[in-house]
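Listed below are the residues making up each chain.
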Amino acid sequence: DCDIDLNIIPKADGTEITEFLVKTRIDNSMVVIKRERMSIENYQKLIVVLKVLAELDTGKSRSQMTGYITGRLIYGTRSPKIEMRVNLIPTGKKKVASMSIRFQSQHENNFTTENIGFFTSDEKLLNEHIFYATDGLVIICGKVNCGKNTTLIALINKLKLLHPDKKIILLEDPIEQVLPDVLQIQVDSSDKEAGYSHFLRAALRHNPDILGVGETRDAESANLVLEAASVGHTTFTTFHTTDSTKAIERMVSLTKDTSKLSDSLRCVISQKLVKKICTKCVREIDSKIPNIVNLDSYIAKTGWKGEVQFSRATGKMADGRECPYCNGTGLYGRIGIFEILTFSEKTKDLILKNSPAYQIRKQAIKEGLRSLFLNGLVRVLMGEVTLGELIKQTGYPNAQKEGVSFEYDSDSVNNELN
Ligand SMILES: [Zn+2]
């Protein structure tokens, strides 16, 4: 039911024989599923066949290429319609292509703001700051493979539902899935003539109400994105920074325009993906929870009213067999955790004055920003995620960063010293 990535990496060792590995990504961990030997000649034939099917230029082998093959996958009695995204990258001295193939079931476009992991309180914020905006900039930030693009698509899906008459243009490299009623443009960031800034200019001539830009990396596209956001296009982009306030710093360093940025910025969403506890096998109280200083204060800060309990899954079925869903790991699937930074007159003023990220963060926390860790902690208390997995993804919490102040404690320590 989910997307499968196959990575075929040839090991051209100068001989006529090449060894190739078929790897797949399961919940973001790479697993080798096949190790084969094949002559380079046969391997090259395989590449040509794939290129023809994906309608790629068979004469080109020195640059990376992406194409699509659609068809039906037949297994057992089922034959779902699928789309294969084929990406070829030349590797090694001999420029033998390394392949990455993503299988995705077609029309499986079911990302919603609810099912990717936003809380109802997050939805309220998004509703207030994004869903009815007629201009302005929304940045989604996080590491590679943290689901930024999924969030972008979920937000676009929501906007499409709310405003079916609005014109939406989405620039992507590559197009991850086909969205009905959205003008999707395939960008090739490795090619200057076909990169983001090139298509951004073209897209603006089409006067979209909503503009999605797959990624902003350089000053030229950052300036175009900011310009678009300030002249009446609600503009979404993703950024490769781990922290929401750092994304602002980065945008300032790329555009040097704090005035336009403080005017246009509506929201910065920072996110991580965490593995979920398997729901099919036996659960138990988590006996190996990491030692977190002042954990009680963090729990209090989330406003959690229920019972405080940490769970994990055993990876075993009730009869003692290994759980077939999670292969005995106790983990199955992933969910996004988010931090949604919105802006007040005060935080906008800090951006205008080019204040450091920590100052913007401090003010935002005063105004109610809930950190990634605290939002993840709610998932832990709900029994969806283990505390260990949360710490693995977000790192140990920090009293200042999460907005839990221990000033009272340090005062009393000082008094004792006096
Ligand atoms: Zn399980």
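Rules behind the numbers
Residues numbered from 1 in each chain as written. Predicted model: local features only at pLDDT ≥ 70, side-chain atom pairs only at ≥ 80, totals over all residues. Heavy atoms only, no water. Core = buried A, V, L, I, M, F, W, Y, C linked by side-chain atoms within 4.5 Å. Buried < 20%, exposed > 50% of the residue type's maximum accessible area, 1.4 Å probe, protein only. Contact = heavy atoms within 4.5 Å. 1 Å grid on protein atoms, 1.4 Å probe; cavity = no way out; pocket = protein on both sides within 12 Å on 5 of 7 lines; lining within 4 Å. Points joined across faces, edges and corners; volume = space filled by probe spheres on them. Helix = DSSP H or I, 4+ residues; strand = E, 2+ residues; numbered from the N terminus. Donors = N, O, S within 2.8 Å, 3.2 Å for Na, K, Ca; no water. Tetrahedral: all angles 85-135°; square planar, octahedral: opposite > 155°, others 65-115°. Expected span 1.5 Å × (residues − 1).

Points about the nonpolar core
Here is step 1 of the chain: Counting 35 residues, the largest nonpolar core has Leu137, Ile248, Met251, Leu261, Leu265 and Val268 as its most contacted members.
Here is step 2 of the chain: For Val268, the residues in contact, after removing those within four places along its chain, are Ile139, Cys141, Ser244, Ala247, Ile248, Glu339, Ile340, Leu341 and Phe343.
Here is step 3 of the chain: With 23 residues, the next largest nonpolar core counts Leu126, Ile156, Leu179 and Phe236 among its residues.

Details of empty space enclosed by the protein
Once rolled over the atoms, a probe with the size of a water molecule shows which space is left empty.
Here is step 1 of the chain: Scanning the entire structure with this criterion turns up 1 cavity of 30 Å³ or more.
Here is step 2 of the chain: When its volume is computed, the largest cavity comes out at roughly 30 Å³.
Here is step 3 of the chain: If you trace the largest cavity, you find it lined by Ile248, Glu249, Val252, Ile351, Asn354, Ser355 and Ile360.
Here is step 4 of the chain: Considering every element that reaches the lining of the largest cavity, the biggest residue donor is helix H6 (residues 244–255), with 3 residues.

What about the coordination of the zinc ion?
Here is step 1 of the chain: Protein-derived coordination of the zinc ion comes from Cys278 (SG), Cys281 (SG), Cys323 (SG) and Cys326 (SG), at a distance range of 2.2 to 2.4 Å.
Here is step 2 of the chain: Angles of 102 to 114 degrees at the metal separate the 4 donor atoms of the zinc ion, which places the site in the tetrahedral class.
Here is step 3 of the chain: Given a relative accessible area of 0%, Cys323 falls into the buried group.

Examining helix H3 (residues 148–162)
Here is step 1 of the chain: Between its first and last C-alpha, H3 extends 21 Å over 15 residues, near the 21 Å set by a 1.5 Å rise per residue.
Here is step 2 of the chain: Residues of H3 that are buried include every one of Lys148, Asn149, Thr151, Leu152, Ile153, Ala154, Leu155, Ile156, Asn157, Lys158, Leu159 and Lys160, and no others.

Read these as layout, nothing more, since geometry by itself doesn't imply function.
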